[in-house]
Structures are given as structure tokens and as C-alpha cells.
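Notes for the structure review
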Amino acid sequence: TNAMRMMRGLSSILSPAADRARLVVVCGSTARCALQSSSTAANFFHLPTSASTIRYNSNDAHISNTAQRQSDHKHCVELVQTRDMEGYLCGLLMPSSSREAYFALRAFNVEIASIKDASKLIGGRSRPSPSSSGGGGPFDMDNELGESQGGDTTLPSRLRMQWWRDAIADVYDNKSTDAASPSSQDPIIRSLNSSRKFNPTLRSLTHAIETHGLTYRFLRRIMEAREEDLSITQYEKRRDVAQYGEDTVSNLLYLSLETVGVRDDESDKVASDIGVGLGVLTALRSTAFRA
């Protein structure tokens, strides 16, 4: 299509792969193009043929690169294509060596961003709690979690967010999910730990972290901001919206730049400004949904 030819023309002007990636990650985040069929999309699920392996923390087992990574990468791409079209379009122009990690990050972002959205949709169809009619009491879970202050602070949402926080922290701590610790003897803890090796997004993100050395504090800030947002219906001050954009979108752009080996202050400064702008734009677009 004309849109694809135009985007390819821009990328061909910038010869180094890192420069092209900066264009895609930072400026391309605001692009909206209708790309349905192209030679790039045809070979989209192809991964680099390096003989590396994913080391996932389960009895120090090594999972074969080819079949499992291919399946995990395809899952991430399809998830991003369905829920984050702008991120998907930018990923079409990422270098092949960084594409797998890029889509793992975008899929992770979709996963944690959808926690609040899904719970809000379910909450809208559920019956009113006793507290809404003047009830309450010592077992009023919604009151204990701050539901009366508005926003999504339900226990399932926080448990899902905590699952991701623990899983990512364990990846960086290099912990085994079946380690012989007192907590691992609890059947619920064991079940939660074992569920990690069946999550394709987490497996793909684990490989991205180990391959590209992604900075943990960026991932942690994203998760912390998303968790704080669970209890917020609408931001009252512009600086709060800007800070949320910095904590979520900007940190995601920092990580995307790291997948192509870009780690410098100038690029991060541009990514920070773009992230804040996109965060404000997203907040405006979601006003009707949050109302």
C-alpha cells in the first residue's frame, strides 16, 4: 500500500538500524496506517536463526529455542495486533534482531493494562455490593480495599498485578519457581509459581530480558503506575496525567530503545516527552470509558 511504501522510504533514508529504530519507537508511536498485507507481514513470525535458548526458572530446565519461542512470539504479535494496533504497526519496521523483544514488551504492556479494563467491564455487569445500599461491616471487602473511593481496586485485579510483579522480580533475581522454601510448600503459592511457565507472554519477556539486558526499574515503574491507577477513576490535575504518561508510556519507550541497543540521555529525553504526550492523549481518549 501507499502507507507501507512511505514508511519504508523513511526507514531507507536512515541507514543505521539504530536510527531507523529511533524513528519507529519514538516518532512512529503516533502513526496510524492501514497495513493489512505486505511482504513484511508475510514473514512476520520469522525469528533470528541463532542457536540460543530460553532458560526459564523451573528446575533449571532449558526450553528449546525454535518451537517454543516461535509459538510465544506469535502469541505476542497477535495479542499486540488485536489490542495495540499502533504498537503493532511500529513493530513492522523494527530490526529483525529486536522484533521479538519489542513485541514481548508490548504484549506485557497489553496484559497489565487490560487488568483494570477487564475488571471494570465485569464490575459494570455485577450486582451492587451491600455497601452501596448503606450496608458494610467487618467483612466488607470493598470497603477494606477502598472501593467506595471510586476506581477499580478489587482483590482479583490486585492479585493479577501482584502475580506479574512477583514473576518479573523473580526473573531478575534468577529464582527457581520450585525452590525448596517454606512458601513453596503452600499449594496456592506452588500453583501460582507453576502457572508462570505456561504464560507465553512471560516466557517471551524473560528471553527479552536475558538477551537485551532490559533495565528492571523501567518495568517496575510501569507496574507500580498501573497498580496505583487501579484506584483512580479520573485524574484531577494535569501534572498527575503527565506523570502517569511518564511512568507508563515513556518507560515503555525506554525499554523499546534498549532492544535496539540505544541507551543515551538524548534519546531518553525525546522518549520522555513523547511518552508524556501520548499519556495525556490516551487519558483524553479514555475519558468516556472511565466515566
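Since this is a predicted model, take the numbers as computed values, not measurements.

To continue, consider the overall build of the protein chain. Counting its secondary structure elements, the protein chain contains 14 helices and two strands. Relative to its 291 residues, the protein chain shows a buried fraction of 42%. A separation of at least 24 residues holds for 78% of the contacts in the protein chain among residues at least 6 apart in sequence. Of the accessible surface of the protein chain, which amounts to about 15,300 Å², a share of 54% is contributed by carbon and sulfur atoms.

What follows covers the side chain of Asp-229. Looking at the secondary structure, you find Asp-229 in helix 11 (residues 216–229). For Asp-229, a relative accessible area of 3% corresponds to the buried category. There is a polar contact of 2.9 Å between the side chain of Asp-229 and the side chain of Tyr-235.

So, on to helix 12 (residues 238–258). Owing to its 3.6 residues per turn, the α-helix brings residues three or four apart onto one side. Compared with the 30 Å implied by 1.5 Å per residue over 21 residues, the 29 Å span of helix 12 between its first and last C-alpha is a close match. Largest kink in helix 12: about 30°, centred on Glu-246.

At their nearest, the axes of helix 12 and helix 13 (residues 265–285) sit 7 Å apart, and the two run at 130° to each other. Comparing the axis directions of helix 12 and helix 13 gives the class oblique. Handedness of the crossing formed by helix 12 with helix 13: right-handed. Contact residues: helix 12 offers Val-241, Ala-242, Gly-245, Glu-246, Val-249, Ser-250, Leu-253, Tyr-254 and Leu-257, while helix 13 offers Ser-267, Asp-268, Ala-271, Ser-272, Ile-274, Gly-275, Val-276, Leu-278, Gly-279, Val-280 and Ala-283.

Attention now moves to helix 11. Between its terminal C-alpha atoms helix 11 stretches 20 Å, which fits the 20 Å expected from 14 residues at 1.5 Å a residue. Taken together, the buried positions of helix 11 are Phe-218, Leu-219, Ile-222, Met-223, Ala-225, Arg-226, Glu-227 and Asp-229.

One pass over the structure, following the stated rule, counts 10 salt bridges. Close ionic contact of Glu-86 with Arg-285 constitutes a salt bridge, the shortest N to O distance being 3.6 Å. Residue Glu-86 is located in helix 5 (residues 85–91), and its partner Arg-285 is located in helix 13; the two are separated by 199 residues in the primary sequence. Here Glu-224 ties to Arg-220 by a salt bridge, and the two come within 3.7 Å at their closest N and O atoms. Pair noted here: Glu-224 and Arg-220 are both in helix 11, with a separation of four residues, about one helical turn.

Time to look at the packing of aromatic side chains. Using the criterion set out here, one finds seven aromatic pairs in the structure. Consider the rings of Tyr-172 and Tyr-216, whose centres lie 4.7 Å apart with planes at 40°: the pair is tilted. Note that Tyr-172 is positioned in helix 8 (residues 155–173) and Tyr-216 in helix 11, a separation of 44 residues in sequence. You can call Tyr-216 partly exposed: its relative accessible area is 26%. Clustering of aromatic rings is evident, with ring pairs tying together Tyr-88, Tyr-102 and Phe-103.

Their axes nearest at 10 Å, the elements helix 8 and helix 10 (residues 200–212) cross at an angle of 35°. With respect to the hand of their crossing, helix 8 and helix 10 are arranged in right-handed fashion. Residues Trp-163, Trp-164, Ala-167, Ile-168, Val-171 and Tyr-172 of helix 8 touch helix 10, and the partners they reach there are Thr-201, Leu-202, Leu-205, Thr-206 and Ile-209. The class makeup of the residues in the contact of helix 8 with helix 10 is nine nonpolar, two polar and no charged.

Attention shifts here to the nonpolar core. Core analysis: the largest hydrophobic core is formed by 43 residues, its most contacted members being Phe-108, Ile-112 and Trp-164. Contributing elements (two or more residues each) for this core: helix 4 (65–83), helix 5, helix 6 (96–125), helix 8, helix 10, helix 11 and helix 12.

Secondary-structure assignment places Val-241 in helix 12. Separated by 39 residues in the primary sequence, Val-241 and Val-280 have C-alpha atoms spaced 6.0 Å apart. The residues contacting Val-241, other than those within four sequence positions of it, are Tyr-235, Gly-279, Val-280 and Ala-283.

Glancing now at the confidence of the model for the protein chain. With 59% of its residues at a pLDDT of at least 70, the protein chain reaches an overall mean of 73. Of all secondary-structure elements in the protein chain, the lowest mean pLDDT belongs to helix 7 (residues 141–144), at 38, while helix 10 reaches the highest, 95. In the model, residues 9–15 has pLDDT below 50 throughout and makes seven contacts with residues more than four positions away in sequence or in other chains. Predicted confidence for residues 124–153 stays below pLDDT 50, and this span has 36 contacts to residues more than four positions away or in other chains.

About the criteria used
Residues numbered from 1 in each chain as written. Predicted model: local features only at pLDDT ≥ 70, side-chain atom pairs only at ≥ 80, totals over all residues. Heavy atoms only, no water. Helix = DSSP H or I, 4+ residues; strand = E, 2+ residues; numbered from the N terminus. Buried < 20%, exposed > 50% of the residue type's maximum accessible area, 1.4 Å probe, protein only. Contact = heavy atoms within 4.5 Å. Areas by Shrake-Rupley, 256 points an atom, 1.4 Å probe, with all protein chains shown as cover. Polar contact = N/O pair within 3.5 Å; in protein donor to acceptor, adjacent residues only side chain to side chain. Expected span 1.5 Å × (residues − 1). Bend = angle between axes of the 7 residues up to and from the residue. Axes fitted to C-alpha atoms, helices over the stretch in contact; angles between N-to-C directions. Parallel < 35°, antiparallel > 145°, perpendicular 65-115°, else oblique. Left-handed = near helix turned anticlockwise from the far one by under 90°. Salt bridge = Lys/Arg side-chain N within 4 Å of Asp/Glu carboxyl O. Phe/Tyr/Trp six-rings, centres within 6.5 Å; stacked < 30°, edge-to-face > 60°. Nonpolar A, V, L, I, M, F, W, Y, C, P; charged D, E, K, R; others polar. Core = buried A, V, L, I, M, F, W, Y, C linked by side-chain atoms within 4.5 Å. pLDDT = per-residue confidence, 0-100.

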